[in-house]
Amino acid sequence: MLKKLIVILSIHLLGIDICIASTNEFQLVVIDDPYIEMSTGPGSGYPVFHVMERGESVEIILQRADWYKVKNDKGLEGWVPLKQLSKTLSPGGEAVTFTTQLHDDFSQRNWEWGVLGGEFGGAPIFTTYGSYFFNKNFATEASFSQSIGNSSSSLIYKIGILIQPFPESDYSPFFHMGTGLISVKPASNLIQPVDQDNQFSNITIGLRTHLTQRIILRIEYNNYVIFSATKDNDDNEDISEWKAGFALFF
């Protein structure tokens, strides 16, 4: 169930929420470049089907990442890259500035929410998390994960402090120190299965990069020390984890 939910949320992040309406939505602008090419979709791989010339008026309908959906005075609708709209004018002849989510907004974000997938001690794991940034360098972060292996499944609840030493970098490394609870449920086909709840400590190193608009790519390595020692066993359990995924920031 969690796996299906995370897949749906990932599609939501990459598909729907990229469609961010511009502050210039439904604004009428006048082309000041020699020409602008209108494509069938928001990307360089889509074919150009119409060319608009200087002096023509277009209506801004929608923004998707660095592409804008426009409609000309003949009713034709298509997609134009931001760089081709850099010299558009208002009907009164004034330069138009298009609001985009710049890299500065990434380094100064307050909230971040995302989904990750990877491997936890050899078993697949899926995570959803949220972060609140006190400033550019420090944030508190909470996450919920589920790992499903052949012999058991685990639910992991984690909270901690995230440190981002180089927030202005295009590829921003981060460190996370946290703690939480791991609940392990053995497979039902095992003899006398016993659920186990243990506290753990966690250290994370990772890398973030701003892809476009509000979308972040995040890759991380985690080391867990699970406090599972008992009177019959003095050893705690050590587990490694790799994950990668996407996030939105606000």
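Not measured: the values here are computed from a predicted model.

Comments concerning the overall build of the protein
- The secondary structure content of the protein amounts to 2 helices and 14 strands.
- Here the protein, with 250 residues, has 40% of them falling under the buried criterion.
- The long-range fraction of contacts in the protein, counting pairs at least 24 apart against all pairs at least 6 apart in sequence, stands at 52%.
- When the accessible surface of the protein is totalled, it reaches about 13500 Å², and 58% of it is carbon and sulfur.

Notes on the sheet that holds strand 11 (residues 171-186)
- On the basis of which strands lie adjacent, the closed barrel formed by 8 strands has the order 7-8-9-10-11-12-13-14 and antiparallel pairing. Sheet twist, expressed as the average angle between the axes of neighbouring strands with direction ignored, equals 25 degrees.
- By the bridge criterion, 11 bridges tie strand 9 (residues 138-148) to strand 10 (residues 152-163) in an arrangement that is antiparallel. When the bridges of strand 10 are listed, Ala-142 appears paired with Ile-159.

Some thoughts on the environment of Val-96
- By the element assignment, Val-96 lies in the loop between strand 6 (77-81) and helix 2 (103-107).
- Exposure remark for Val-96: the relative accessible area of 10% places this residue in the buried category.

Topic: the environment of Phe-200
- Among the secondary structure elements, Phe-200 is positioned in strand 12 (residues 196-212).
- Excluding anything up to four places from it in sequence, Phe-200 contacts Ile-156, Tyr-157, Lys-158, Gly-178, Thr-179, Gly-180, Leu-181, Ile-182, Tyr-224, Val-225, Ile-226 and Phe-227.

A word on the confidence of the model for the protein
- Mean pLDDT over the protein works out to 82, with 81% of the residues at or above the 70 mark.
- pLDDT under 50 marks residues 1-25. Its contacts with residues more than four places away, or in other chains, come to 45 contacts.

Remarks on the packing of aromatic side chains
- Considering all chains together, one arrives at 6 aromatic pairs under this definition.
- Geometrically, the ring pair formed by Phe-200 and Tyr-224 is edge-to-face, given 5.2 Å between the ring centres and 70 degrees between the ring planes. With Phe-200 in strand 12 and Tyr-224 in strand 13 (residues 215-226), this pair connects stretches of sequence that are 24 residues apart.
- Residue Tyr-224 is classed as buried on the basis of its relative accessible area, which comes to 2%.
- Aromatic pair Tyr-221 and Trp-242: ring centres 4.9 Å apart, planes at 50 degrees, arrangement tilted. Placement of the pair is Tyr-221 in strand 13 and Trp-242 in strand 14 (residues 237-249), with a sequence separation of 21 residues.
- Among the residues examined, Tyr-221 registers a relative accessible area of 24% and is labelled partly exposed.

Details of the nonpolar core
- The biggest cluster of nonpolar side chains holds 12 residues, and these are Val-29, Ile-31, Ile-36, Met-38, Met-52, Val-58, Ile-60, Tyr-68, Val-70, Val-80, Leu-85 and Val-96.
- Only strand 2 (35-39), strand 4 (57-64) and strand 5 (67-72) provide two or more residues apiece to this core.
- One finds Phe-120, Ile-182, Val-184 and Phe-200 within the second-largest nonpolar core, a separate group that totals 9 residues.

Some words on a nonpolar patch on the surface
- A cluster of nonpolar side chains, Trp-111, Tyr-132, Phe-134, Phe-138, Ile-161 and Phe-250, forms an exposed patch at the surface whose accessible area comes to about 630 Å².
- Following the sequence through the fold, Phe-138 ends up in strand 9.

Remarks on the pairing of strand 6
- Judged by how many residues are buried, strand 6 sits mostly within the fold: 4 of 5 residues are covered.
- For strand 5 and strand 6, the ladder comprises 5 bridges, and the chain directions are antiparallel. Along strand 6, the bridge assignment pairs Trp-67 with Pro-81.

Criteria and cut-off values
Residues numbered from 1 in each chain as written. Predicted model: local features only at pLDDT ≥ 70, side-chain atom pairs only at ≥ 80, totals over all residues. Heavy atoms only, no water. Helix = DSSP H or I, 4+ residues; strand = E, 2+ residues; numbered from the N terminus. Buried < 20%, exposed > 50% of the residue type's maximum accessible area, 1.4 Å probe, protein only. Contact = heavy atoms within 4.5 Å. Areas by Shrake-Rupley, 256 points an atom, 1.4 Å probe, with all protein chains shown as cover. Pairing = 2+ DSSP bridges. Axes fitted to C-alpha atoms, helices over the stretch in contact; angles between N-to-C directions. pLDDT = per-residue confidence, 0-100. Phe/Tyr/Trp six-rings, centres within 6.5 Å; stacked < 30°, edge-to-face > 60°. Core = buried A, V, L, I, M, F, W, Y, C linked by side-chain atoms within 4.5 Å. Patch = residues over 30% accessible without salt bridge, like charges linked within 9 Å, V, L, I, M, F, W, Y side chains within 5 Å. Salt bridge = Lys/Arg side-chain N within 4 Å of Asp/Glu carboxyl O.

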